[in-house]
Structures are given as structure tokens and as C-alpha cells.
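# A closer look at the structure
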Amino acid sequence: MNLALSDEQEFLREAARGTLSRFKTLEAAREALDDPQSRLPDLWPTAREAGWPGLLIDEAHGGAGLDVFDAMLVLGECGRVLAGVPLLGHLPATAILADAPRVAEYLPALASGERRAAYLPSQPPSDLDPRWSADPAGGSERSPLPTGSAPDANGEVKLSGGYAFVPDAPGANALVGVALVDGEPTGVVIMADADGVQVESVRRYDATRSLAHVTLKDAAATVLDAPVDSLASAWYLAQALIAAESLGSVETALEVSVAYAKERFTFGRAIGSYQAVKHSLTEVLRQLENGRSLLYYAGWSRNGAPSEFPLAASAARSVAGRALDHGARTMISVHGGIGATWEHDAPLYFRRAQLSRRLLGGTAAASDRVAGELIAQADAA
Amino acid sequence: MDLDDTPEQAEHRAKVRAWLEQHKAEAPVLSGPGAITDEAEIISARRAWQGKLAEAGLAGVTWPKEYGGQGLGPIEQVVCNQELAKAGVPGILDAIGVGMLGPTIIAHGSEEQKARYLGPMLHGDEVWCQLFSEPAAGSDLAAVQTRARQDEDGSWRLSGQKVWTTNAQFSSYGLLLARTDPEQHKHKGLTMFIIPMDAPGVTVRGLRQISGEAEFNEVFLDDVKLEQDAVVGGIGNGWGTALTTLMFERVTIGLGGEGLGYNSVRFAKGIASDEHGRRDSEVRQQLGEIASELLAVRFTGYRTLTALQKGQIPGPEAGLAKVTIVNGAIKAGDLIADVLGPDALDEDSEWAYMISFLPGLKSAGGTEEILRNTIGERVLGLPPEPRLDKGIPFSELRSKEGAAA
């Protein structure tokens, strides 16, 4: 039994924290909301120096050959300071490509970060819905995946359709996801500059989040030989990563709130001494600790019990999404009126919470997936 | 990161499994066909089974060898518990004695006490109960009013009332916290005693709960005489001794998370039995949220084990797992009853007992409110609430409380 960080993992996390502390990410986040022309700091060169693009690519192909849990640690550090490092898009894409031997030659440039990939969120079927689906550009109905007819002799196919709210797609060189090729769910890689590919940047409620709608019109794609399990696993990897990122944000929300509750006095006492305040802060801690435990579950199960990875990653997402919502709201309420103003960082975390919870299928869908996975386990028992 | 046994743990597990394979037919049957129903028979069968488990080294695993234990770590105890559960046989009857009170005596008791009491406790020959809480001292345990007065010959006279006492109706001994010096501050004038439950002046009365069953007792003490050697850990040191017991209680709760049977697959099964409920998106949403938190607790338990394995002692944050389990199970019971309808509340339903049991469990081992206070102060470092009882002799406290009310 060993469910603790190794020395290497502690080091990875501390190094990430140190690296990101060199940037004024929160100031940039606020400016970006005020001025649509302002640019967030480009953290990709920093990520490259730190070796993050190749976290999930093996050493033979120039990567670090680390595990999803290591990637989650880095994402957690990004979440702490709302740093827009485009790993949420890049890492699941590299996980699919690493399972597709025919395109192994792409890996070294992606591992070094010379080229960047983005994952096209493709949700696997559930116990109630046998179809794969993409996030819709609006509304509650899932979108069908883009489709194409049978590939040619070179494994090339023309795809039409779309994926909405694709994390980190703006500026990515390669787009990797699942499409229905000849009716079958199939891994595909699409070059962003190919004919028929439109990557439309969408700036939303949380300006630190780089997103795009990707539209394909007879766009050239290469069919991947990644197994369908790997395609599904990428979806859950994305769930685990956004969960880790969210919990990093909860850590900051809690730390800032606790510090304020110790120094702000009313009626002659620090507000943190009142049970009403104390209990709401311990509730944030409770949700944070539950989320952390589920990150361990997700990190362990991906290799240790792959059949449980969908359950573990979805549970982590479900808890982390709610923890961030609750943590951000508590951050505002503990600070009183000032917490709801532009003067404070709390609104930035609140904005992060509200948008994050609606991306990659949404937190609610993750909870539903947990129920579906458990009902299947109960039926099998 | 792994959930695997070390080679030593694997060896231990194999030994435990082999013994259980050979002896599990001797275990008492407590549910299903052929189950024992008579209360007294259940207790005696479980005591005998505890004796066999102790003999085989499956109980008191963390106790030192000189007191009949195995001198192993908490992980080995967990391995035993896991294998017992897997074999479908009950564990020891006196989990409170062996898990919490015995270790307290090992830490604070005299050599004579250890030699006299620990062996029969471990083997189930003498069952123990914990006599700490009182009607007016629960969350604020140091407010106990049970009074122990010393006679000139050094013996003691105890009077007062204890409550929530599990197993008192068939216990031989109790570990009892009493006030020996009311002129001291509330935490200082306390002393821990060992009390024979058949001593003249001890009355045990069952306390029925929502389910209709009496799992707890009230214990009345009317001028009960104890000898000098009944004191554990020294006169006036009762609070420190009690904290040791409570620390072992946290360990027990932290490691026993799913032992209560509140696990996500079981709840999913309850929902899945209803064709409509298992497809209803609102029901699934709630089930998913509840189950995610319960799954988290399982891995929090593994994190606690990892810490124990490294020699760290679980802190008060372990109490958060209890809050999650209890509230998760309450919500799950509520959801299942919504889905299954009034049938879920029938006596023979799988869920009625759980639904009745949980509101009380919310306060067991420290109320949720007091747990959140402790965690807020010790883990988050938030300032404590102002107190009216600091630095005041206990004897003056009652009148001060009266004035504030």
C-alpha cells in the first residue's frame, strides 16, 4: 500500500509551483477580461523548458514517460494560479497518439513541444446512450461526432462535422479525437492548417481559458490505429486532468479565505472563530480532500485497474467540479462585499469555476457516468 | 503509487486466508438461513469466535506480543479485517475493547492492570465498554459530572450517570472517566477508572433508538465502591488518558470506513432494482454525486493507511471522512426510499434499519458540529470561539453557565 507522493512527484510539483510563480497570471486574467485585445502570457515556452508537453510520451520518443498522476500534479499547480498552460488539450491528444504506432513519427516534436496538439473532446457511449458524441455549441443535446466515408489506401479520410468548446485548440498544430469513419468510432488526427478546417477562437466568461469551435468541411484527416479503449480512455484522462486543475484552484480559494478569516475582525473577534464561517471553510476542505483522494484513485486505476478508470476519473470530475463551485462561492462570501468586486481575485476563481463545470461534457454528465458505471457493476455482481 | 501488499504483507495475508479457509465453518452465522436469533446465544457465540480469532493471531494484531498480540502494524490489522470480510464471517465482538480501551490500558495502565485485564479482553472472555459520555457531557466531554470521592482508606466512591454505552448489558468491565477534583479546571480534575460492571450500585438500562432496537445503554452509578488500584494513568490525569482512547477511536473509524456497509455499489444496486429509477436522470445525478464522495472515502482510507505505514498518526482531519460517510449514507437512504417508495421503510426491507440508524450516527463519536470546529481549528488553524469555561474551577462553572443562560 502506497498512496503518497514519491520524492520525484514532490519535486515535480514544487518545481511547477516555482516556475509558474514567475508569471503574474492573476493580473493577466483580470486584464484579459477588461481588454479583449490584451494577451495572456504565453506559457508554452516555459512548459517546454519544464518538459511538460512530453509528460505522457515515453522516453524512446523524447518524452518523460511519466504517468497521468504526474500530469495531474502539474495541472493542479496551473489551477492554483489560473495559469493558461495548454496542457488540458495537449496531453490527452498525446495519450491517443502514443497508442497509435503508425504515427509514432509525430511524437518527438509533440514531446518537445515544438508542435502542439489539442484533444477534440469525444465522449464515449454510456449505459443509456450507445452513441459517441461531441460537446454542442449550445443547448443540452449532445452533438454527433463528425463523419467520413471509408479511408483511402494511405489511411486518409475526409471529415465533416464539428466539435465545440475545444480546450487549447487556438494555435494548436494538430487536432486529435474520435470521428465516425465508415460508421465506426475511429481515432483521427487533423492538421489545423489543412483545407476545410476552421478553428474559431471563442473567448468566454473565463478569459484564462483558451477555447475554440472546430468545424470540418471535407477536411483531410489521418486515421489512427489506436484501439477504441484508448480513445475512450482519452476522454476520462481529460476528465481527470480538469478535475486536478479544478482542485488546484480550490486550494487557493481555501488558503486565501482562511487567511482572511483569521485577520478580519467583527464584534471584537476574528470572523474565522464563528462557527458559521469555520464550518463553511471546513466544508471546502472536506470536498477538497475527497477530490484529492479521487485523484489518487484515478491516477492509480489508469494502469492498476483500467476497467475502473472511467468510474474513478468521472468521480474525480464530479467531486472536483462541485468543490470548485462551492470553494469559489465560499471565497466570495467569506470576504463579504469586496469578494464580489473587481478588486479581489475571488471573481476570477468564480468565473473559472462556472466555465470549467460546463466544459468537456460538464460536471453533471460526469456524475451521471458514475451512476451508470456503478449500476453496471451492481448488475454484474 | 500502488495498492499492493509488500512481500511481508502478502505473506501475512496468505496465512490469515489459510486459517480462515480451514476454520470459517466454525464462525457464528448472523444472517441468512440458519442464523442465530437469540440475543444471548449470539453474544456467547461471538465471544467464542473472538477467542478463536485471538488464538490464531487475527485479533489484537497491533498489540505487543507480551500482551497476547502480534506486535504488527495497523496494515496487518486491516489485512485481517479485509480477509474476514471476504470470508463472510464476523469479526471480533469487542471491537471497542480491543481497538480502543485495550490500547489505552497498554499506554497508561499499571503492570498489574495489564497482566490482569488484557488477556481476557483480547480473547472475549471479558467484554469491555467505554463509560465516557454523559447526558450533559458529549461534545464537551471534559464536562463529565460523575463524581469519584476518595475515602480515607484510599478506596473510591462513584456516583453519576453515563450514556450511549455500547455493549454495557453484557460487559464485564468498563473504562470510566470521572471527576475527582471539582476545584480544578474542568480538564484537570478528571481521573480514569476501571469498573467491574457487576459491582453493587451499577445499573444498566437499554436505550431504545429510532429503529426500536436498544444498541446503547444508560449506566447509572449509585455509590459504587472501587479500590485504589482501579485508577488508570494516575489521579488527575484522566483527560490525557481519555485523549489516547479518542485517538485510537479515530484510527478505528479511519480504517473502518466501509465496514459499516455504506458503499457505493450497494446503493447503486438498490437504485438499479427499479427499472424507472435507474434510467431517471435526476436519480442518477444524485446517485452519482453521493457515490463519488463515498468512493473518495475509500481512497482517503488508503491514504490514512499509507500514513500509518510511515509511522504517522492520523490527525483530526480523519473526522471529515466520517462526515462524508454519514451524510452520504443519509442522502442515499433518502434517495432509495424516494425510488422504492414506502416499501423501503418496512421492517424487512434492507434499508429501514439504516435509515433509522443514521440520524443518531451523525452525533456518534463527536457531533458533526464539534468535528467541524476541531478540524477548523487544528487543521485550518482558525481561531477558537471564545469560551466561558477557561481557567475556572469546575465547581464554579455550573453557576456561571446558569447566569449566561
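In what follows, the structure referred to is the one given above.
Residues numbered from 1 in each chain as written. Chains lettered and ligands numbered in written order. Predicted model: local features only at pLDDT ≥ 70, side-chain atom pairs only at ≥ 80, totals over all residues.

## Topic: the overall build of chain B
Scanning chain B for helices and strands turns up 12 helices and 8 strands. The C-alpha atoms of chain B give 22 Å as radius of gyration, which agrees with the globular expectation for 405 residues (22 Å, within 12%). Principal-axis analysis of the C-alpha atoms gives chain B an extent of 70 × 55 × 45 Å. For chain B, restricting intrachain contacts to residue pairs at least 6 apart in sequence, the fraction spanning at least 24 positions comes to 69%. (Helix = DSSP H or I, 4+ residues; strand = E, 2+ residues; numbered from the N terminus. Rg over C-alpha atoms; globule rule 2.2 N^0.38 Å. Contact = placed C-beta atoms within 7 Å.)

## Focus on the overall build of chain A
The helix and strand inventory of chain A stands at 11 helices and 11 strands. At 21 Å, chain A has a C-alpha radius of gyration in line with the 21 Å of a compact globule built from 381 residues. By its C-alpha atoms, chain A is 80 × 55 × 45 Å across when sized along the principal axes. Residues counted as buried form 55% of the 381 residues belonging to chain A. Restricting to contacts in chain A with at least 6 residues of sequence separation, those with at least 24 account for 73%. (Buried ≥ 20, exposed ≤ 12 C-beta atoms within 10 Å, placed from the backbone.)

## Details of the nonpolar core
Soluble, globular proteins show a tendency: their nonpolar side chains are buried together. A:Leu97, A:Ala240, A:Leu241, A:Leu294, A:Ala316 and B:Phe193 are the most contacted members of the largest nonpolar core, which totals 227 residues. Take this core: its biggest share by element is 18 residues, from helix 7 (residues 228-263) of chain A. Once residues lying within four places of it in the same chain are set aside, the contact partners of A:Ala316 are A:Gln239, A:Ala240, A:Ala243, A:Gly291, A:Leu294, A:Leu295, A:Tyr297 and A:Ala298. (Core = buried A, V, L, I, M, F, W, Y, C linked by C-beta atoms within 7 Å.)

## Here we look at the interface of chain B and chain A
It is common to give the size of an interface as the accessible area lost on bringing the parts into contact. With 46 residues of chain B in contact, the opposing surface of chain A contributes 43 residues. Listed by contribution, the elements that provide at least two residues to the side of chain B that touches chain A are helix 7 (264-272), helix 8 (281-309), helix 9 (318-340) and helix 11 (368-378) of chain B. No other element matches helix 8 of chain B, which puts 18 residues into the side of chain B that touches chain A. For the side of chain B that touches chain A, the residue count by class is 23 nonpolar, 11 polar and 12 charged. (Nonpolar A, V, L, I, M, F, W, Y, C, P; charged D, E, K, R; others polar.)

## Things to note about the pairing of strand 2 (residues 147-150) of chain B
Residues and elements named next belong to chain B. Two strands pair when backbone bridges link them, and strand 2 and strand 3 (residues 156-163) are joined in this way by 4 bridges, in the antiparallel orientation. Looking at the pairing, Gln-150 lines up with Trp-156 of strand 3. Hairpin geometry of strand 2 and strand 3 is characterised by an intervening segment of 5 residues between the two adjacent antiparallel strands and by a positive phi of about 90 degrees at Gly-154. (Pairing = 2+ DSSP bridges.)

## Section: helix 8 (residues 275-304) of chain A
With 30 residues, helix 8 of chain A extends 42 Å between its outermost C-alpha atoms, agreeing within 8% with the 44 Å of an ideal straight helix rising 1.5 Å per residue. Counting buried positions along helix 8 of chain A gives 23 out of 30 residues, so the element sits mostly inside the fold. (Expected span 1.5 Å × (residues − 1).)

## Describing the pairing of strand 5 (residues 190-196) of chain B
One face of the sheet, then the other: side chains in a regular strand alternate in exactly this way. Residues and elements named next belong to chain B. Of all 7 residues in strand 5, 6 are buried; the element is thus mostly enclosed. Pairing between strand 4 (residues 173-179) and strand 5: 7 bridges, direction antiparallel. Residue Leu-175 lies in a different strand from strand 5, and its bridge partner there is Ile-194. Two elements, strand 5 and strand 8 (residues 231-232), share 2 bridges in a ladder whose sense is antiparallel. Bridged to Met-192 within strand 8 is Val-232.

## Thoughts on unusual backbone geometry
Residues and elements named next belong to chain A. Unusually for a residue other than glycine, Leu-82 sits at a positive phi of about 55 degrees. Its location among the elements puts Leu-82 in the loop between helix 4 (68-80) and helix 5 (87-98). For Asp-168, which is not glycine, the phi dihedral falls at a positive 65 degrees. Mapping Asp-168 onto the fold places it in the loop between strand 5 (156-167) and strand 6 (174-181).

## Some thoughts on the packing of helix 9 (residues 309-335) of chain A against helix 11 (residues 363-380) of chain A
Residue and element names in this part refer to chain A. For the pair helix 9 and helix 11, interaxial distance at closest approach is 8 Å and the crossing angle is 140 degrees. With respect to helix 11, the element helix 9 is oriented oblique. The two elements helix 9 and helix 11 cross, and the hand of that crossing is left-handed. Counting all contacts with helix 9, which are made through Pro-310, Leu-311, Ser-314, Ala-315, Arg-317, Ser-318, Gly-321 and Arg-322, the residues of helix 11 involved are Thr-363, Ala-366, Ser-367, Arg-369, Val-370 and Glu-373. (Axes fitted to C-alpha atoms, helices over the stretch in contact; angles between N-to-C directions. Parallel < 35°, antiparallel > 145°, perpendicular 65-115°, else oblique. Left-handed = near helix turned anticlockwise from the far one by under 90°.)

## Section: the environment of B:Ile36
Residue and element names in this part refer to chain B. Along the chain, Ile-36 turns up in the loop between helix 1 (7-23) and helix 2 (39-55). Given 16 C-beta atoms within a 10 Å radius, Ile-36 is considered partly exposed. Apart from residues lying up to four places away in sequence, Ile-36 is in contact with Pro-28, Val-29, Leu-30, Glu-41, Ile-42 and Ala-45.

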